[in-house]
Amino acid sequence: MAKNYLPFEDENWNQIVEDAFAPDAEVHVFSARYQRKKMRLMNQNTQKKPVLRRKGLIVAAACIATAIVIPTTAFAGSRIYNAFVEQPAEYQRDITIELGESAETSQTDDGAVVVDSGTYKMSVGYVPDDLKFDHAEENADGNVCGFKYGNWGTDDWRSATFSLFVIDNETRTFNETLKNVTAESTYETDDRIVFISRLNKDFDKRAEIWVAFKDTKYVAKILALQEFTEDELKMMAEGLVLEKSDVECASSYTTYTEYQEWLQAELEAAASTDEPEFYKEHMGEMNLISVGETFSDFDVDVTLDSITFQDTFDGITTDGIGREYDYSKYMNADGTLADNIRTWYTKGDGVNTIDEVSETETMSARIMVVNLTYENKGTEEIEYCICPGLRTIDENGDWLIENTSIDGRYAIDSLSDLTVDRLGFSFSTDHENSKNNLAAFKPGEKAQVQLAFIVYDEPAADYYLCLDTYQNVFVDMSSLTE
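Residues numbered from 1 in each chain as written. Predicted model: local features only at pLDDT ≥ 70, side-chain atom pairs only at ≥ 80, totals over all residues. Heavy atoms only, no water.

A.B. asks: What's the story with the overall build of the protein in this structure? I'm lost.
C.D. replies: Check the secondary structure of the protein and you find four helices and 33 strands. Taking all 482 residues of the protein together, the buried fraction comes to 47%. For the protein, long-range pairs separated by at least 24 residues make up 68% of all intrachain contacts whose partners lie at least 6 apart in sequence. Here the protein displays about 24700 Å² of accessible surface, and carbon together with sulfur accounts for 48% of that area. (Helix = DSSP H or I, 4+ residues; strand = E, 2+ residues; numbered from the N terminus. Buried < 20%, exposed > 50% of the residue type's maximum accessible area, 1.4 Å probe, protein only. Contact = heavy atoms within 4.5 Å. Areas by Shrake-Rupley, 256 points an atom, 1.4 Å probe, with all protein chains shown as cover.)

This is the structure in structure tokens:
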């Protein structure tokens, strides 16, 4: 079923749109992490359509230099179903499916198999045990065309998305180009041909599987993100089941390719734009407070109790939403915080070259621990978000948001999981909580909160701790005595 991601009434939504497009509306600067994620997603989902060249089926191809032609007995003529993969370049694979002529029956007079014109839907027969159902996806007619599974929220998160496409009667062909392919396998069973490709792009570990259901107009895509074994990939591909349906549940492959082409155009437009080393967002007038002072956020009083610095994870046992967490992988052998290793990659074209390491740099860091007291001074029970964040602000009052995807290169930090959008990597409280919210926060109650942040010894500009974005309440870190 489709998800509604806009939890607003129509009149509220209209007001949000009106405010956003008002002439005096502030220009929003997206975080560097958002910009990187956008570019990464666009790279992940963009493919170009190859030139169609007719050949036989490739079976069990793995990092081959040229296409090998091994026709099967089902592909005996030019007007029947055919599916194959070609390798026009070292890291590119072109998958082609040709439906041939349409027929209501599954066999011609001379015994040649042709495409079944029946309507089908897809069910998922196997997913690894750690992946849980997330949601179903719908096609343009509102019928279920895919399913998403994942185990987000863990260090070893993985996800798998299953999508069903129908090859349109007008074109009767499927042409898909995969780039950045570093490993592959192609094999055939009684009712399907499976193309498994492992891709290396933008530091993402992922596999893209296309399953051609033989002698039908249907093809499925499985996008598996992060680490999957070869057996898991095969079992997911072989576990898909086509079942007769009264309605079309697949998405149009033509519509899908049109969307991919639009993404490609967006990506190329973004890549052609000169980008700055830093994005800037002017902070305006800041209300500065010091340790020991209190400010009011509507009905909640917030007191900054202390700010200290340390080079170990002593006393820090939870992640950013209050769950128990082991930080040993971020430690040196002596238990101190490891330096951040920033690795720069040069982008490949995905055809003849892939992303490669160009250089690394070491950035020494410390842990900043912030203790605060929150008190509900109102008359109602509330749920209150705890979301202070760090800002690097220069002498002009501009927040410098570093761009780590520039000049055909991008950077990955070894401590990136601890610096997401410059929020605290650890949250803990003595009060009932829901993630990083104080839950069931009753009138008159007080809650002690501890947050932990990563700070670099050589930041791009002076650090400021933002305690409240609405009232611009900040702490000037340079004023602290360490």
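From this point, the narrative continues.
A.B. asks: Explain the sheet that holds strand 21 (residues 356-363) here, please?
C.D. replies: Each strand in a sheet pairs with another by means of backbone hydrogen bonds, the pair being arranged parallel or else antiparallel. Strand order in this open sheet of four strands is 21-20-27-26, and the pairing throughout is antiparallel. With one partner strand each, in any of the chains shown, strand 21 and strand 26 (405-406) form the two edges of the open sheet. (Pairing = 2+ DSSP bridges.)

A.B. asks: Help me out: how do you make sense of the nonpolar core in this one?
C.D. replies: Soluble, globular proteins show a tendency: their nonpolar side chains are buried together. Residues Y374 and L465 are the most contacted members of the largest nonpolar core, which totals 43 residues. Only strand 19 (300-310), strand 22 (365-376), strand 30 (437-441), strand 31 (446-456), strand 32 (462-468) and strand 33 (473-476) provide two or more residues apiece to this core. In terms of residues, this core owes the most to one element, strand 31, which gives eight residues. Apart from residues no more than four positions distant in its own chain, Y374 is found in contact with V300, D301, V302, Y384, I386, P388, L438, F441, E445, K446, A447 and V449. Counting 29 residues, the second largest nonpolar core, distinct from the first, contains A160, F162, I222 and L242. (Core = buried A, V, L, I, M, F, W, Y, C linked by side-chain atoms within 4.5 Å.)

A.B. asks: Is there a simple way to think about the pattern of salt bridges in this case?
C.D. replies: Considering all chains together, one arrives at 15 salt bridges under this definition. E230 is paired through a salt bridge with R198; the nearest N and O atoms lie 3.3 Å apart. Of this pair, E230 sits in helix 3 (residues 230-239) while R198 sits in strand 11 (residues 192-201), and the two are 32 residues apart along the sequence. Residue R366 pairs with D457 through a salt bridge whose shortest N-O separation is 3.2 Å. Of the two residues, R366 sits in strand 22 while D457 sits in the loop between strand 31 and strand 32, which places them 91 residues apart along the sequence. Judged by relative accessible area, R366 falls into the partly exposed class, the value being 24%. (Salt bridge = Lys/Arg side-chain N within 4 Å of Asp/Glu carboxyl O.)

A.B. asks: Could you clarify how one ought to interpret the packing of aromatic side chains in this entry?
C.D. replies: Aromatic ring pairs are defined here through the distance separating the ring centres and the angle between the ring planes. Following the criterion strictly, the structure yields 19 aromatic pairs and no others. Here the aromatic rings of F165 and W210 are separated by 5.8 Å at their centres, their planes lie at 40°, and the arrangement is tilted. Taken as a pair, F165 in strand 8 (residues 159-166) and W210 in strand 12 (residues 204-213) lie far apart in primary sequence, 45 residues in all. Owing to a relative accessible area of 6%, F165 belongs among the buried residues under this scheme. Given the relative accessible area of 0%, W210 is considered buried. In this structure an aromatic cluster arises from ring pairing among F165, F174, W210, Y253 and Y256. Across the ring face of Y187, the terminal group of K234 is positioned such that the distance to the ring centre comes to 5.5 Å. Against the face of F309 rests R366, its NZ or CZ located 4.8 Å from the ring centre. (Phe/Tyr/Trp six-rings, centres within 6.5 Å; stacked < 30°, edge-to-face > 60°. Lys NZ or Arg CZ within 6 Å of the ring centre and 35° of its normal.)

A.B. asks: How should the pairing of strand 1 (residues 82-89) be read in this particular structure?
C.D. replies: On a regular strand, each side chain points to the face opposite its neighbour's, so the side chains alternate between the two faces of the sheet. By the criterion of burial, strand 1 is predominantly enclosed, with seven of the eight residues buried. Taken together, the six bridges between strand 1 and strand 2 (residues 92-98) define a ladder with antiparallel strand orientation. Paired with F84 across the two strands is T96, which belongs to strand 2.

A.B. asks: Got a minute to help me understand the environment of F309 in this structure?
C.D. replies: Mapping F309 onto the fold places it in strand 19. Measuring from C-alpha to C-alpha, the distance between F309 and A452 comes to 9.4 Å, with 143 residues separating the pair along the chain.

A.B. asks: Even after reading the chapter, I still don't get the environment of I307, so can you show me in this structure?
C.D. replies: The topology assignment puts I307 in strand 19. Here I307 falls in the buried class, since its relative accessible area comes to 11%. Distance from I307 to N371, taken between C-alpha atoms, is 6.5 Å for residues 64 residues apart in sequence. Aside from chain neighbours lying at most four places away, what touches I307 is V291, M368, V369, V370, L465, V475, M477 and L480.

A.B. asks: What am I meant to see in the environment of D430 here?
C.D. replies: Within the secondary structure, D430 sits in the loop between strand 28 (426-429) and strand 29 (433-434). Classification of D430 as exposed rests on a relative accessible area of 57%. Measuring from C-alpha to C-alpha, the distance between D430 and K446 comes to 9.5 Å, with 16 residues separating the pair along the chain. A polar side-chain atom of D430 sits 3.0 Å from the main-chain amide nitrogen of Q448. (Polar contact = N/O pair within 3.5 Å; in protein donor to acceptor, adjacent residues only side chain to side chain.)

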